[in-house]
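Spelled out from the first residue to the last, the chains are:
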Amino acid sequence: DKESYTLYSLHERKKSDLLENQAYSSLVTRENKVIFGLSSDFILKVHVTFQDELSLYVMSEYIAGRLSYYISQNYVFSFEELRYIAASLILGLEYLSSKKILHRGLKPDHIYFTREGKVKIGGFLYAREYISGMNNSLDCTGCQGYMAPEIIEKQQHGRSVDLYGLGVILYETATGKRLFEDNDNGENLLKMA
């Protein structure tokens, strides 16, 4: 913003991608419904969405980095940094739980750092509201390598799936190693469950 000298991040989604994939289109629609009701220091703030002829845009608070970048660069987090990341993510998940929302897409790509060093959860494409502590959906959606066994087996699930994703992320952040590889197709995950 040239008047206030405020920086924002802008994410673009091509309308052609949405038209080609109806399932993706419905996820984007649901994501937009979820993100506008959220207001927490631990959740990435979306300011506005808009569109032109070719694309949909989401403008959020400025993102200085992603957790996935630091992991890919083999950055070694100190104990204090790990504790701060974990606490921020737990508080973000507690907030989502208070709003009856399951994230279901937690992964290092969806964990953002602001210029001030705050940790924020974003990436709500797979998010869903739930009733009575259980998600009524039996769909298998989430981020491969971070999905809980209940999602992979298409079972009823609640907030424990986000806590599972949190554990996988914290393991990866602390060790720099993936717990499950993308090509596992859930087989190793189900063997360990």
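Residue positions are counted from 1 within each chain, in the order its sequence is given. The predicted origin of the model limits local features to residues at a pLDDT of at least 70 and limits the giving and counting of side-chain atom pairs to 80 or more, whereas totals for whole chains, interfaces and linings rest on all residues. Hydrogens and water molecules were not included; the side-chain quantities draw on all heavy atoms of the structure.

J.: Explanation requested: the overall build of the protein in the structure shown.
T.: When its secondary structure is counted, the protein shows 7 helices and 8 strands. Only protein chains enter the calculation, and the probe is 1.4 Å; a residue is then buried if its accessible area is under 20% of its type maximum, exposed if over 50%, and partly exposed in between. Burial status across the protein gives 44% buried among its 193 residues. Only heavy atoms enter the contact rule, under which two residues are in contact if any of them lie within 4.5 Å. Here the analysis covers contacts within the protein between residues at least 6 apart in sequence; of these, 63% occur between residues at least 24 apart. Where accessible areas are quoted, they stem from the Shrake-Rupley method and a 1.4 Å probe; at the residue level, only the protein chains shown are allowed to cover. Surface exposure of the protein reaches about 11,000 Å², of which carbon and sulfur atoms provide 52%. Every helix listed is a DSSP run of H or I at least four residues long, and every strand listed is a run of E at least two residues long, numbered separately from the N terminus.

J.: Explain the sheet that holds strand S3 (residues 55–61) to me, please; I cannot follow it from the model alone.
T.: Backbone hydrogen bonds hold the strands of a sheet together, and the pairing may be parallel or antiparallel. As summarised here, the arrangement of the 3 strands in space is S1-S3-S2, forming an open sheet in which the pairing is antiparallel. The open sheet has two free edges, formed respectively by strand S1 (8–14) and strand S2 (46–51), since each of these has just one partner strand. The sheet shows a mean angle of 20° between the axes of neighbouring strands, direction not considered. In this structure, S1 lies alongside S3, joined through 7 bridges in antiparallel fashion. Any two strands between which DSSP finds at least two bridges are classified as paired. Angular values range over 0 to 180 degrees, each being the angle between N-to-C directions of two axes fitted as lines to C-alpha atoms, with helices fitted over their stretch in contact.

J.: What's the story with the nonpolar core in this structure? I'm lost.
T.: A general feature of soluble globular proteins is that nonpolar side chains tend to end up buried together. In terms of nonpolar packing, the biggest core is built from 27 residues, with Leu38, Leu67, Leu89, Leu96, Ile111, Ile121 and Phe124 touching the most fellow members. Elements with a minimum of two residues in this core: helix H2 (22–35), helix H3 (67–72), helix H4 (79–98), strand S6 (111–113), strand S7 (119–121) and helix H6 (160–175). It is H4 that contributes the most residues to this core, 6 residues altogether. Apart from the residues lying within four places of it in its own chain, the contact partners of Phe124 are Glu31, Val34, Ile35, Leu38, Ile43, Leu96 and His103. The term nonpolar core refers to a set of buried residues drawn from Ala, Val, Leu, Ile, Met, Phe, Trp, Tyr and Cys, joined through side-chain atoms within 4.5 Å.

J.: Would you explain the pairing of S3 in this entry?
T.: Side-chain direction in a regular strand flips from residue to residue, so the side chains alternate between the two faces of the sheet. With 5 of 7 residues buried, S3 lies mostly within the body of the structure. The pairing of S2 with S3 spans 5 bridges and is antiparallel. Residue pairing across strands places Gln51 opposite Leu56, the latter belonging to S3. Here S2 hands over to S3 after 3 residues, the two strands then running antiparallel side by side.

These results come straight from atomic positions and should not be treated as a statement about function.
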